[in-house]
Amino acid sequence: MNIDQETGEVIGKGRSPRFTLWLAFFAFATITMGSAVSVKKAQADSNTNARWAVFCAAFSFAITGIVVLMHMSPLFSTYIVGTKLEGVVTVVLAAFWAATVSVVANASTGLAVDANKDNTIVNGNLYYFSWAGFVTSILLVVSYLRGVFGVDLVGEVKNRAARLTLWGGFLACQL
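Each value, and the rule that gives it
Residues numbered from 1 in each chain as written. Predicted model: local features only at pLDDT ≥ 70, side-chain atom pairs only at ≥ 80, totals over all residues. Heavy atoms only, no water. Helix = DSSP H or I, 4+ residues; strand = E, 2+ residues; numbered from the N terminus. Buried < 20%, exposed > 50% of the residue type's maximum accessible area, 1.4 Å probe, protein only. Areas by Shrake-Rupley, 256 points an atom, 1.4 Å probe, with all protein chains shown as cover. Core = buried A, V, L, I, M, F, W, Y, C linked by side-chain atoms within 4.5 Å. Contact = heavy atoms within 4.5 Å. Phe/Tyr/Trp six-rings, centres within 6.5 Å; stacked < 30°, edge-to-face > 60°. Polar contact = N/O pair within 3.5 Å; in protein donor to acceptor, adjacent residues only side chain to side chain.

Caption draft 1: Summary view of the overall build of the protein chain. Secondary structure assignment for the protein chain yields 6 helices and 4 strands. Residues classed as buried in the protein chain amount to 35% of the 175 residues present. Working note: accessible area of the protein chain is about 10,400 Å², and carbon and sulfur atoms make up 66% of it.

Spelled out as structure tokens, the structure:
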């Protein structure tokens, strides 16, 4: 186990600690893209929502595939691991996945949820893997912020909650 002296980030086997998240994200993008394409083909009159879901999934698939390939190469990994480029890519992909989930999970679009059948999920792969991709994209952003800038969002919330309880106790003693 290696520790980066500048950031304190734990790096195992020379790869980024986010590599497994990138691999999972690539798998989720692949499944979501395949499901979105099959839904678009099944619709007689594909609307803009179906095209948007296919575009977002295909864009994420392509970008994530490039990032995974860059992580596998020692030469190209220096251009992506812990750089501003990785941060920008993670934020852009999180925005695209937020848009994808909003389109896919909306029952009025009819992509993964059918409003005519009491809002039941009709395409489980599209629905669940789009949510999995969204959660993974948020985890990538949080991991990037923690690893590069030392921002620990979960730890800060826990610390503030403990401090808030302490200050609440002080306030109660003063009354």
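Caption draft 2: Looking closely at the nonpolar core. In this structure, Ala-36, Ala-53, Val-104, Leu-111, Ala-112 and Leu-126 are the most contacted members of the largest nonpolar core, which totals 13 residues. The set of elements that each furnish at least two residues to this core consists of helix H1 (19-42), helix H2 (48-72), helix H4 (84-104) and helix H5 (124-149). In terms of residue count, H2 provides more of this core than any other element does, 3 residues in total. Among all residues touching Ala-53, those that are not within four sequence positions of it are Ala-36, Val-104 and Leu-111.

Caption draft 3: Just the packing of aromatic side chains, in detail. In this structure the tally under the stated criterion is 13 aromatic pairs. With 6.2 Å between their ring centres and 70 degrees between their planes, Trp-22 and Phe-25 make a pair best called edge-to-face. Here Phe-25 and Trp-22 lie together in helix H1, a separation of 3 residues that amounts to about one turn. Since its relative accessible area comes to 0%, Trp-22 is described here as buried. Judged by centre distance (6.0 Å) and plane angle (85 degrees), the ring pair of Tyr-144 and Phe-149 falls under edge-to-face. Residue Tyr-144 is classed as buried on the basis of its relative accessible area of 6%. For Phe-149, a relative accessible area of 55% corresponds to the exposed category.

Caption draft 4: Inspection of the environment of His-71 at higher detail. In this structure, His-71 sits in helix H2. Overall, the relative accessible area of 4% leaves His-71 in the buried class. Residues His-71 and Ser-16, spaced 55 residues apart in sequence, show a C-alpha to C-alpha distance of 7.5 Å.

Caption draft 5: Local environment of the side chain of Thr-100. Of note, Thr-100 is situated in helix H4. A residue is classified by how much of its surface remains accessible, and Thr-100, at 1% relative accessible area, is buried. Looking at Thr-100, its side chain comes within polar contact range of the main-chain oxygen of Phe-96, at 2.8 Å.

Keep in mind that these numbers describe shape and distance, not what the molecule does.
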